[in-house]
Structures are given as structure tokens and as C-alpha cells.
Amino acid sequence: MNKFYVTTPIYYVNSYPHLGHVYTTIIADTVARYKRQRGHEVFFLTGTDEHGINIERAAEAAGVPVKEHVDRIVDSFKTAFAPFEFTNQHWVRTTDESHKEGVRKLWQAAKANGWIYKGKYEGWYCGNCNEFYQEAEAVKGDGDVLLCPTHERPLELLSEESYFFKLSAFQEKLLEHYEKNPHFIRPETRRNEVLSFVRGGLNDLSVSRVSVKWGIPVPDDPEHTMYVWFDALSNYITAIGYGNEQFGGEEHFKKFWPANLQLVGKDILRFHTVYWPAFLMAAGLPLPKTVYSHGMWLSGGRKMSKTLGNVIDLAVLQKHFSPETVRYFVLREMVFGQDGDFTYEALLDRVNADLASGLGNLASRTLTMVRNFCDGVIPSAGAASTDLTTQASEVREAVEQAVAAFDREFDEYNFSRAIEALSNARFRVDKFISDAKPWDLAKDAAKRAELELVLHTAAEALRFFAVLLAPVLPNATQAIWNQLGESGEVNQVLPSNLNWGDVAQKQIGEIAAIFPRLDKKKVMEEIKQEEAASQAARAQETKQEAPAETKPAEATPAPAAAAAPAEPVPGIAYIGIEDFLKVELRVGEIKTAERIPKADKLLRFTIDLGEAAPRQILAGIAQYYEPEKLIGRKVIVVANLAPRKLRGLESQGMILAASVGEEGRPILAGFLEEVPNGAKLK
Ligand code: MSP
């Protein structure tokens, strides 16, 4: 039996799952089901990436032990994924003991072969991507602060003892591999990008950190933890038995490795096509057959990110759309490999057109006519008029060609074209039915053969579609299968074993609607309200989770009250107006602003609140704002907050800022119009 090993990236537990994570997993699951249906022995892996400084910091901010924090987020991933009924054999976690054993083995093998050495690292580090950047790669921010090119957050200049991986020595070997294996990186455009990157030369890679505690200790040097990408990438082999006893260990590993298909978003292409193959070569292991890099789902034209607040909330999505319709949409709508904009309008249109009016309607009208006109038994193809017989053969040909096209396109990972081929054949079937008007034929006993040929052809086409679409719509196609009176599991039917005509004489099952039509206007209105409420709830949650010392001193006002609908929304701790009025908010003007020696997060301000003397207020925004640029700025101050001491200095109030994204980047609240100092906000 042919084996097939497919993987998704392992998802960071530094944020909650969103459509992007579900997307890659849907692709992997569909491929896994497709291959299984065609007789392959499949291993499908997904999981979570749980180490690194950000996760350590997030746990600290949430005030819980790191393992407890990651367990919680892993649970949220599993819960969000559950309705999709993904068929992964395993969920790897980088905190699994078996994973750690395997990573140690990979490290030791690479080291024993002379590819890992100890040195000193100095570089610009982004804690969010766990990456060092060259100065030239960084983006210049205000005051020439160097920012991460991906996250646009300030980079930290770090200097520390580090182990290095001799990536530079792999340049030629990698290029040779890309040349000899044109399918190693797909699609072609991404392959070209990687080729030119590697041709430009590779630097050795720092693969350990002494500053990060939440990681896997380096064998024989536990002061160091492994670079999170060395740890994370190894999951693809540790999860199937490399260096441990998972699934029987070595034998299982050898059976499934190398992977056939590693799916990744284009955001992590370089890690998977440069670092990962180099690590494997260093340990003398074979390389995956294909790393396929897909595009990003955009929202409002931009990559979905919590920082931008434009992620598609899975709770809202799942409330209105069954997992099957979401699967169908993402596979059909996005040209695999390219970016695509996600809109609920497009999703609604697609579901209504292709599924409710399309496949679902074909099923219900065909089966209802079989029930009403043929006592529930699918007729055989009778000797009908020549014209109708010709049309029926054309329909058959269109369906059979679509079946072949489906596999051809799917094998090239052109999911949308594969599905489109079947949709086009379905249009042909629909037209055949509409032209032949079986409801009229049924009224005329002399047209019995015609009626039977139409219903036979429609039911047969439906049966073929159900089999082909089983990996995409597992439950809906099973329902159609059962309604057609077939037994067993549709996903076990090998498409090449389908025989045109075998549908005849089946007693159909109970008919039930497969895809209800959605009321676009109503659903859109509900979604808009729910999205606003869930954003507000998230803001509130973030506020409650973060302890004062790790958040900027000028904590965020939650927008919950303004955005909350009349109905109480779970997760929002409502307050009465009397509570709100206890907070005295006033307009202040920043008169002076300066850094505080040895406190790299704090700025010291004097702020004029229209009182006799300006107040001294401290705020933890030094990493985000240049003090000189803030002088003269009008801000909002909590004027009746009890004074407290920070770094020995008294802070006599708090400046308000929005807290944006995972890291709580502060954005100072202000005014668009002129406003006097001391004016009260209410
Ligand atoms: N932990 C690393 C991966 C390590 S793999 C050894 C990581 N995790 S992540 O949580 O940030 O997930 C990134 C992956 O999630 C992307 O490569 C992609 O598979 C998926 N997506 C995240 N956002 C996405 C979109 N907006 N659109 C499509 N896929 C997206 O990187």
C-alpha cells in the first residue's frame, strides 16, 4: 500500500485559533481524505508550537505557570478544530516528552556530524518571530529605532553565547537539491523566491539562547535552550517516532518519512525550505518530497492579525456556517498558492449558489421526483427518444470527464479547479433536467422511458459527485449517499471503481435537505453585531488577564460599554454609570517627557491638567514612543487614581492608551479638535 504523510505547520500558542489556522488544516485534512479514498495509507499530522520567549511572557502576563497557560490555549485550538472533524492521527505538542527526546537526537546527530558549534551572537532580535535580523533587513521607525520587518515592533540588540548551525555550508547542497527536485518547493513562484534567497548566500544560524528559559535544553549544556525553530521544525519527525517510541519508534518513522506533503503558509516558507532541509541534511536524513506554500487569507485587503483586529472569529463563523460549508468555501474560493480576501458576503453567495441551489437542490429535486414518480426506486435507463438519449450521453460524458479532471487537478493541488470541474458538470446536469422537464414527462404515460432516463441520469451524476466530493464535504456527501439508497461509507468508494448505470434499482432513503439556503441580509446583520460584541469581549478579556506591571502603565479603557448591544453579552463584566462616574478623566497637555535611567520601559512626564501645578505621571511606553515627540500632545488622564511609586518616582495619574495586539502595543488616546487642559471627559 502506498503511504502518504501530510503535515500542517504546528500553530503558535501565543494567540487563539482563527480562520488562517483552520485553513491549512482543512487543506491537509482534505488531502488526507482524498489519498485515503484512493487507497493510500495516510498519516496526517497537526499540532502546536509551545516554546519561546513570547509564550513565556504571555503566561507571565496572564499570571499563570507557563505549562498551564499553553495547556489552556492548546485546548482552545482543539475545541475550535473539533467541529471540523479533522482526521489527523496525531496532535503533536512541542512540550511532549517524546518530542523533546526526538529533538535532542536530531541536535546530537547534527552536532556529531560537525554542523553545530559554539560561538557568540550579536544581533537584532524580534521576540515575536524568534528571529534575528540583519540591520539592513530591519525597518526604520521613529527616531531611527530598528523595527521588525514583519511585526513592526522594536528589535532588541542581543549579544550572547550561542550555538550555531553551519547553514552557510549548505548553500550548494540546497541549491543542488532544488535543481534536482523541481517539486520540492511549490508553487513555482515561491521556488524562485527561495532560489534567489539562497543564491544570495547563507549565514550561519544561531540555534540556542541563554536568555530564553521556556524551551528545550541543549543536550549537555542546559544553560542554553534550543532556538524555537530548531525545536518546532523537528516536530515533523519526532511525532512519527524519530528518536522516541511514538507509534513504535524507528520503524514507524522510516515507514512515513520523508513526508509527501508539508503544507505551510508563505509566511514561514524560508524556515521550511532552507533551514528545515539543512537540519535534515545535517543529520543525514532524507528531505520531504514537497513543501507547498499557500497564500494568506486577507481580511479587508490585509493579512489577518490580532494586532489589526481583522481576524475572522471562529465562533461567529461557526454560528452561521456549518464546517462543511466553510471547507467547501476555502477550497473553492482561494486559488491555492495565492492570497484571497475573505468576506462573509462571498461565503454566503458561494454557499447559496453552489451548495444550496447547486448540489443540494440537485439532490433534493432528483430524489423527490424518484420518490413521487417512481415509488422511490431509481429507474434503469430505458429506451428513450433518440434526442434525449443523445443528451443523456452528453451528460454522462461531461460527468465522466469532470471526474477525471477532478483527480488530475487535485493531484496538482489545484483544489478550486478540481471542484470547479465538477460544478461545471453539475450545470450540465441541471440544464438537462430543466430542458427535459421530467415533471411534465411524468404526466404522460407514453413518456415513461424518457422520464426514467432523465431521473436515472440525474441520480447517477449525483452519485458520482457524492463520491468525488467526499474528501471536501464528508458529511454532506455521506447524507447524499444514504439518500441515494447506497450502503457503507462514501469515502471508501474508489472513484475509479464507479460504474455508470450502477445506481439503477436502488431504493432511495429518507430525503432531507442537505444545505439550507441562507438569508443573506439577515445573516449579514447578525454577523456584524456579533463581531462587534466579540471584539469588545476580547478587549475586556485581554484587559482582565494582563497584570499591571507588564502592561503599559496607561492601561486601556475597554471599548466594551460603547459597543455592547442591549442584550447582555457573555464575557463582559458590565458596570453601572455610577461606577463609570467614579473615574475622573481629564484632558492633559504633556509639558515635559523624558526617559528614566535603567528603566527601559518607563517615560516620565509632567502634564498640565489645568491645575495650579503640572503633575508627574509615569507611563510604560518607552519602547513605543520617542519622548521628545510627545511634548505638546493632548492626552487623556485618569486624574483621581491613587498616586503610586514606580522606580522610586511617584506617578500622580495614568495616561490612557489603546492596547493593540498580543503584545499590548500602546497607542495614546487623543483629540482631533482643540480642547482646553483640564476639560472633563464623561
Ligand atoms: N509555529 C509556527 C510554525 C512552526 S511549523 C514548524 C507558526 N505558527 S502560526 O500559528 O503563526 O501559524 C502560521 C500558519 O498558520 C501559517 O503558515 C498558515 O499555515 C496558517 N495561517 C495563519 N494565518 C493565516 C492566514 N491569514 N491565511 C492562511 N493561513 C494562515 O508560524
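Structural notes, computed from the coordinates.

Rules and cut-offs
Residues numbered from 1 in each chain as written. Predicted model: local features only at pLDDT ≥ 70, side-chain atom pairs only at ≥ 80, totals over all residues. Heavy atoms only, no water. Helix = DSSP H or I, 4+ residues; strand = E, 2+ residues; numbered from the N terminus. Buried < 20%, exposed > 50% of the residue type's maximum accessible area, 1.4 Å probe, protein only. Contact = heavy atoms within 4.5 Å. Areas by Shrake-Rupley, 256 points an atom, 1.4 Å probe, with all protein chains shown as cover. Lys, Arg positive; Asp, Glu negative; His and termini not counted. Charge placed at Lys NZ, Arg CZ, Asp CG, Glu CD. Near = heavy atom within 4 Å. Polar contact = N/O pair within 3.5 Å; in protein donor to acceptor, adjacent residues only side chain to side chain. Nonpolar A, V, L, I, M, F, W, Y, C, P; charged D, E, K, R; others polar. Phe/Tyr/Trp six-rings, centres within 6.5 Å; stacked < 30°, edge-to-face > 60°. Lys NZ or Arg CZ within 6 Å of the ring centre and 35° of its normal. Salt bridge = Lys/Arg side-chain N within 4 Å of Asp/Glu carboxyl O. Pairing = 2+ DSSP bridges. Axes fitted to C-alpha atoms, helices over the stretch in contact; angles between N-to-C directions. Parallel < 35°, antiparallel > 145°, perpendicular 65-115°, else oblique. Expected span 1.5 Å × (residues − 1). Core = buried A, V, L, I, M, F, W, Y, C linked by side-chain atoms within 4.5 Å. Left-handed = near helix turned anticlockwise from the far one by under 90°.

## Re the overall build of the protein
Piece 1. Secondary structure assignment for the protein yields 21 helices and 28 strands.
Piece 2. Seen through its C-alpha atoms, the protein measures out along the principal axes to roughly 100 × 65 × 40 Å.
Piece 3. Scored against the burial criterion, the 682 residues of the protein give a buried share of 55%.
Piece 4. Sequence separation of 24 or more characterises 74% of the internal contacts of the protein that already satisfy a separation of 6 or more.
Piece 5. Here the protein has roughly 29500 Å² of accessible surface; of this, 51% comes from carbon and sulfur atoms.
Piece 6. Across the protein, the 78 positively charged side chains and the 91 negatively charged ones have centroids separated by 1 Å.

## Side note on the site of the ligand
Piece 1. The environment of the ligand is made up of 24 residues, and the closest members are I10, T24, D49, D267 and W297.
Piece 2. Residue I10 places a main-chain N or O atom 2.8 Å away from a nitrogen atom belonging to the ligand.
Piece 3. In this structure, a nitrogen atom belonging to the ligand sits 2.8 Å away from a main-chain N or O atom of W297.
Piece 4. Within the complex, 95% of the 670 Å² of free accessible area of the ligand lies under protein.
Piece 5. When its residues are assigned to classes, the shell around the ligand shows 13 nonpolar, 9 polar and 2 charged.

## Considering the packing of aromatic side chains
Piece 1. In total, this model carries 42 aromatic pairs according to the counting rule given.
Piece 2. Between F84 and F86, the ring centres sit 5.4 Å apart and the planes meet at 5°, which makes this aromatic pair stacked. Each member of the pair, F84 as well as F86, carries the same accessibility label: buried.
Piece 3. For the pair F253 and W257, a centre-to-centre distance of 6.4 Å together with 15° between the ring planes defines the contact as stacked.
Piece 4. On the basis of relative accessibility, which here comes to 4%, the residue F253 falls in the buried class.
Piece 5. In this structure W257 comes out as buried when scored by relative accessible area, which is 5%.
Piece 6. Joined through ring pairs, the aromatic side chains of W107, W115, Y163, F165, F170, W229, F230, F271, Y275 and F279 make up one cluster.
Piece 7. In this arrangement the basic side chain of K105 is found over the ring face of Y242, its NZ or CZ atom lying 4.8 Å from the centre.
Piece 8. Directly above the aromatic system of F197 lies the positively charged group of R270, at a separation of 3.8 Å from the ring centroid.

## Some remarks on the pattern of salt bridges
Pairing of side chains with opposite charge becomes possible as their charged atoms draw close.
Piece 1. Throughout the structure, instances matching the rule amount to 45 salt bridges.
Piece 2. We note a salt bridge from D267 to K303, for which the minimum N-O separation is 4.0 Å. Of this pair, D267 sits in the loop between strand 14 (261–265) and helix 10 (269–282) while K303 sits in strand 17 (residues 302–303), and the two are 36 residues apart along the sequence.

## Concerning the sheet that holds strand 4 (residues 116–126)
Piece 1. Taken in spatial order, the 4 strands of this open sheet run 5-4-8-10, and their pairing is antiparallel. Edge positions in the sheet fall to strand 5 (131–133) and strand 10 (205–206), since each of these pairs with one other strand and no more.

## So, the packing of helix 14 (residues 386–411) against helix 17 (residues 448–469)
Piece 1. Taken N-terminus to C-terminus, the directions of helix 14 and helix 17 make an angle of 0°; their axes are 10 Å apart at the nearest point. Classified by the angle their axes make, helix 14 and helix 17 are roughly parallel. Across the interface between the two elements, L388, T389, A392, V395, V399, E400, V403, F406 and D407 from helix 14 touch E450, L453, V454, T457, A461, F464, F465, L468 and L469 from helix 17.
Piece 2. Taken together, the residues of the contact of helix 14 with helix 17 sort by class into 13 nonpolar, 2 polar and 3 charged.

## A look at unusual backbone geometry
Piece 1. Cis geometry marks the peptide bond from R186 to P187; its omega dihedral reads -5°.
Piece 2. For P187, the position within the fold is in the loop between strand 9 (185–186) and helix 6 (188–199).
Piece 3. Along the chain, W257 connects to P258 via a cis peptide bond; the corresponding omega equals 5°.
Piece 4. Note that P258 resides in the loop between helix 9 (250–256) and strand 14.
Piece 5. A positive phi angle, close to 65°, is found at D220, a residue other than glycine.
Piece 6. Structurally, D220 can be placed in the loop between strand 12 (217–218) and strand 13 (221–226).
Piece 7. A positive phi angle is found at K598, which is not glycine, with a value near 65°.
Piece 8. Mapped onto the fold, K598 is located in the loop between strand 19 (585–596) and strand 20 (599–608).

## A word on helix 1 (residues 19–37)
Two residues of an α-helix separated by three or four positions point the same way, owing to the 3.6 residues in each turn.
Piece 1. Here helix 1 spans 26 Å end to end across 19 residues, near enough to the 27 Å set by a 1.5 Å rise per residue.
Piece 2. Burial within helix 1 is extensive, with 17 of its 19 residues counted as buried.
Piece 3. Residue G39 follows helix 1 closely and has a positive phi angle near 90°.

## A word on the nonpolar core
Piece 1. With 114 residues, the main nonpolar core has L317, F321, F342, Y344 and V399 as its most contacted residues.
Piece 2. With residues up to four places along the chain from it excluded, the contact list for Y344 reads I312, D313, V316, L317, F321, M524, I527 and E531.
Piece 3. In terms of nonpolar packing, the next biggest core, distinct from the first, is built from 59 residues, F170, V228, F271 and A283 among them.

## Digging into the packing of helix 17 against helix 18 (residues 474–483)
Piece 1. Orientation of helix 17 relative to helix 18, taken along the N-to-C sense of each, is 150°, at an axis distance of 9 Å. Comparing the axis directions of helix 17 and helix 18 gives the class roughly antiparallel. Both helix 17 and helix 18 take part in a crossing whose hand is left-handed. Two secondary-structure elements touch here, helix 17 through L462, R463, A466, V467 and L469 and helix 18 through T477, I480 and W481.
Piece 2. Among the residues forming the contact of helix 17 with helix 18, the class breakdown is 6 nonpolar, 1 polar and 1 charged.

## Points about the environment of E510
Piece 1. Tracing the backbone shows E510 in the loop between helix 18 and helix 19 (520–545).
Piece 2. Residues E510 and Q483, spaced 27 residues apart in sequence, show a C-alpha to C-alpha distance of 5.8 Å.

## So, the side chain of S208
Piece 1. On the secondary structure map, S208 appears in strand 11 (residues 208–209).
Piece 2. Within the structure, S208 has its side chain in polar contact with the backbone nitrogen of Y163 (distance 2.8 Å).
Piece 3. Setting aside chain neighbours within four positions, we find S208 in contact with W107, E160, S162, Y163, V218, H224, T225, M226 and Y227.

## Thoughts on the environment of N203
Piece 1. Topologically, N203 is positioned in the loop between helix 6 and strand 10.
Piece 2. Residue N203 is classed as exposed on the basis of its relative accessible area, which comes to 51%.
Piece 3. Along the sequence, N203 and F170 sit 33 residues apart, while their C-alpha atoms lie 9.8 Å from each other.
Piece 4. In this structure, N203 is in contact with Q134, L167 and S168, ignoring residues within four places of it in sequence.

## Let's talk about the environment of Q89
Piece 1. One can find Q89 in the loop between helix 3 (66–81) and strand 3 (90–93).
Piece 2. Residues Q89 and Q535, spaced 446 residues apart in sequence, show a C-alpha to C-alpha distance of 34 Å.
Piece 3. Discounting residues that sit within four places of it in the chain, Q89 has contacts with R36, V42, F43, F44 and F247.
Piece 4. Here V42 takes part through its backbone oxygen, which lies 2.8 Å from a polar atom of the side chain of Q89.
Piece 5. Here F44 takes part through its backbone nitrogen, which lies 2.8 Å from a polar atom of the side chain of Q89.

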